[in-house]
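What follows is each chain in one-letter form.
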Amino acid sequence: MVTPPTADTLPPTLVERDQWVCWRTHQRDAKPTKVPLIPGTTQFASTTDPDTWGSFQTARKAVAATPVDGLGVVFTADDPLVGVDLDDCRDPETETPTAWAADVIGQLDSYTEVSPSETGYHILITGDLPEGRNRAGDIELYDRARFFTVTGDHVADTPTSIEARTEALATLHAERVAVDTSESATAAPSTAAETGSANAAGPGDLADSELIDRATQAANGDKFSRLWQGDTSGYPSQSEADMALCSLLAFWTGGDTTRVDRLFRQSGLMRDKWDEVHYADGSTYGATTVDRAVARTTETYTPAAAEDSPATTDDPRTLPASAADSAHTATTETAATEADTVDTTTRAEARLDRITELTSRLEAVLAENEQLREELAAERERREALEAEGESADTGWWPFS
């Protein structure tokens, strides 16, 4: 049985919030995933529905009464909490962090505890999470619609309270998250980096408004605009339109799931269904749609360096004839490259549209199958209950009955 932390081992400001859930490990796509549960039940909780949360004491008691793996706390847009998740950075045997994790823990200097796997850390702070990507390598940042497991395994020499760290968080985000410093990123430099461009940028460097503007001006901008405004014409259902818009957003954001979700919520397609739990593992309709769209997006947008560069003396109108010819040639080659990119994007969109259509049909079949399984389970329980009642009624004190 799991021994949950006591109130006196946790920051009081955390204990006082009625944002507690229980959790257990669930297999999703053959991978272990932590899913939130409503305290005292085995039903899935939603990270966007306060009715599925409870007080710390309620959740703590539920750990002993139900088959769960521990406690968790939910982040909401209405609280100042930010969770910093550091993975694969702690040696369970020596109980020591890697150098980069030690730097982050010292930089944020707030309540820190060991994660359930004992191979990572969870840091809780208060502050404003910068816009843009929220994950790079083994670092993830959350401030809403997610939950953190809470172990109470406090890391020595870190504060026992949750500290305000907006400036430190902004620095961390700029240094380690906004630009991916993971091994995979540094091992495979971008084309711009290989050619020595100092002005190369990624989608994460563009403001949301700028990214949307570029999407509406692209070759398939009309399609994007219609979906962005909530027009589902041409799609058998809104679910397919949702997937189509998420696929486009996945392309434009470089596959940033947090940003896709944030942008979708600003679109005309946003509806209450987005935050409803629709799957047996506790996943919401919106989160699953985003995850699937990102997983199926193999090509993503990379802003051209020239788009972000101000006019200079390289303008062909200000150069000698020979230099102007060279500049014209370079411009033509750039235009050809961009045309190829647009053509590739169009082909990718056609494939995504077909995948979206087939996926929607498959999901409809799976949803129906899940419903039938639930009905079958309910019928089995009802019959077992009736049989139990029958056996009880047939058993009496009279020996000849």
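Going by the structure above, here's the rest.
Residues numbered from 1 in each chain as written. Predicted model: local features only at pLDDT ≥ 70, side-chain atom pairs only at ≥ 80, totals over all residues. Heavy atoms only, no water.

Mind showing me how you'd approach the overall build of the protein chain here?
Within the protein chain, the regular secondary structure consists of 12 helices and 12 strands. Split into buried and exposed, the 401 residues of the protein chain put 37% on the buried side. Residue pairs in contact within the protein chain that sit at least 24 positions apart in sequence constitute 71% of those at least 6 positions apart. Looking at the protein chain as shown, the accessible area adds up to about 22,100 Å², and 50% of this sits on carbon and sulfur atoms. (Helix = DSSP H or I, 4+ residues; strand = E, 2+ residues; numbered from the N terminus. Buried < 20%, exposed > 50% of the residue type's maximum accessible area, 1.4 Å probe, protein only. Contact = heavy atoms within 4.5 Å. Areas by Shrake-Rupley, 256 points an atom, 1.4 Å probe, with all protein chains shown as cover.)

How should I be thinking about helix H2 (residues 56-65) in this particular structure?
Owing to its 3.6 residues per turn, the α-helix aligns residues three or four sequence positions apart on the same side. Every buried residue of H2 is listed here: Phe56, Ala59, Ala62 and Val63. Seen along its axis, H2 keeps its buried residues to an arc of 125 degrees; they face one direction. Along H2, the residues that are exposed and aim more than 90 degrees away from the buried face are Lys61 and Ala65. (Arc of directions from axis to C-beta.)

Even after reading the chapter, I still don't get the packing of helix H7 (residues 208-216) against helix H10 (residues 257-264), so can you show me in this structure?
The relative placement of two packed helices is expressed as an angle between their axes plus a distance between the axes. One can describe the packing of H7 onto H10 by two numbers: an axis separation of 12 Å at closest approach and a directional angle of 80 degrees. Compared by their axis directions, H7 and H10 come out roughly perpendicular. Contact with H7, carried on its side by Asp208, Leu211 and Ile212, involves Arg259, Arg262 and Leu263 of H10 and no other residues of that element. Taken together, the residues of the contact of H7 with H10 break down into three nonpolar, no polar and three charged. (Axes fitted to C-alpha atoms, helices over the stretch in contact; angles between N-to-C directions. Parallel < 35°, antiparallel > 145°, perpendicular 65-115°, else oblique. Nonpolar A, V, L, I, M, F, W, Y, C, P; charged D, E, K, R; others polar.)

Help me out: how do you make sense of the pairing of strand E4 (residues 81-86) in this one?
The side chains of a regular strand alternate, residue by residue, between the two faces of the sheet. Across the six residues that make up E4, a large majority, six, are buried. Because side chains alternate across E4, one face comprises the buried residues Leu81, Gly83 and Asp85, and the other comprises Val82, Val84 and Leu86, equally buried. Alignment of E4 against strand E8 (residues 121-126), held across six bridges, turns out to be antiparallel. Residue Val84 lies in a different strand from E8, and its bridge partner there is Ile123. With four bridges connecting them, E4 and strand E10 (residues 139-142) associate as antiparallel partners. Bridge pairing links Asp85 to Glu140 in E10. (Pairing = 2+ DSSP bridges.)

I would appreciate a short explanation of the packing of aromatic side chains in the present structure.
When we look at a pair of aromatic rings, we describe it by the centre distance and by the angle of the planes. A complete count under the given rule lists eight aromatic pairs for this structure. For the pair Trp20 and Phe56, a centre-to-centre distance of 4.9 Å together with 70 degrees between the ring planes defines the contact as edge-to-face. You can see Trp20 sitting in strand E1 (residues 20-28) and its partner Phe56 sitting in helix H2, a full 36 residues away along the chain. The exposure classification of Trp20 matches that of Phe56, with both residues buried. Measuring from centroid to centroid gives 5.9 Å for Trp274 and Tyr285, while their planes differ by 85 degrees, and the two rings are edge-to-face. With Trp274 in the loop between H10 and helix H11 (285-295) and Tyr285 in helix H11, the pair connects residues that are 11 residues apart, well separated along the chain. For Tyr285, a relative accessible area of 4% puts it in the buried group. Above the face of the Trp23 ring, Lys34 is positioned so that its terminal group lies 5.7 Å from the ring centre. A cation over a ring is seen here: Lys273 above Tyr285, with NZ or CZ 4.3 Å from the ring centre. (Phe/Tyr/Trp six-rings, centres within 6.5 Å; stacked < 30°, edge-to-face > 60°. Lys NZ or Arg CZ within 6 Å of the ring centre and 35° of its normal.)

Hey, could you run me through unusual backbone geometry in this one?
Note: most residues except glycine have negative phi, and most peptide bonds are trans. Residues other than glycine seldom take positive phi values, yet Ala145 does so here, at roughly 55 degrees. Checked against the element boundaries, Ala145 lands in the loop between E10 and strand E11 (146-150). The backbone phi angle of Asp157 is positive, close to 70 degrees, even though this residue is not glycine. Topologically, Asp157 is positioned in the loop between E11 and strand E12 (163-164).

Any chance you could explain the environment of Trp252 here in plain terms?
Tracing the backbone shows Trp252 in helix H9 (residues 238-253). Sequence spacing of Trp252 and Leu211 is 41 residues, and the spatial spacing of their C-alpha atoms is 7.1 Å.

Explain the nonpolar core here, please?
As a rule of thumb, soluble globular proteins bury nonpolar side chains together. Core analysis: the largest hydrophobic core is formed by 27 residues, its most contacted members being Phe224, Leu227, Leu245, Cys246, Leu249, Val260 and Phe264. Put simply, the parts of the chain that give this core at least two residues each are H7, helix H8 (221-228), H9, H10 and H11. Setting aside anything within four residues of it in sequence, one finds Leu249 in contact with Ile212, Phe224, Val260, Leu263 and Phe264. Core analysis: the next-biggest nonpolar cluster, separate from the first, contains 21 residues, Val15, Tyr111, Tyr142 and Phe148 among them. (Core = buried A, V, L, I, M, F, W, Y, C linked by side-chain atoms within 4.5 Å.)

How do you make sense of the side chain of Ser46 when you look at a structure like this?
Note on placement: Ser46 falls in the loop between strand E2 (31-37) and H2. By relative accessible area, which is 5% here, Ser46 ends up buried. A distance of 3.0 Å separates a polar atom in the side chain of Ser46 from a polar atom in the side chain of Thr48. Setting aside anything within four residues of it in sequence, one finds Ser46 in contact with Thr52, Trp53, Asp275, Val277 and Thr284. (Polar contact = N/O pair within 3.5 Å; in protein donor to acceptor, adjacent residues only side chain to side chain.)

Help me understand the pairing of strand E3 (residues 70-75), please; the structure alone is not making it clear to me.
Burial of E3 is extensive: six of the six residues sit out of reach of the surface. Alternating positions in E3 separate into two faces, Gly70, Gly72 and Val74 on one and Leu71, Val73 and Phe75 on the other, with burial throughout. Of the pairings in the sheet, the one linking E3 to E11 comprises five bridges and is antiparallel in character. When the bridges of E11 are listed, Leu71 appears paired with Val150.

When you look at the pattern of salt bridges in this model, what are you seeing that I'm missing?
Two side chains of opposite charge can pair, provided their charged atoms sit close to one another. Tallying each qualifying case throughout the model produces 10 salt bridges. The partner of Arg271 in a salt bridge is Asp242, and the shortest N-O contact between them spans 2.8 Å. Highlighted residues: Arg271 in the loop between H10 and H11 and Asp242 in helix H9, separated in sequence by 29 residues. Note that Asp261 is salt-bridged to Arg265, the shortest N-O span being 2.8 Å. What makes Arg265 partly exposed here is its relative accessible area of 31%. (Salt bridge = Lys/Arg side-chain N within 4 Å of Asp/Glu carboxyl O.)

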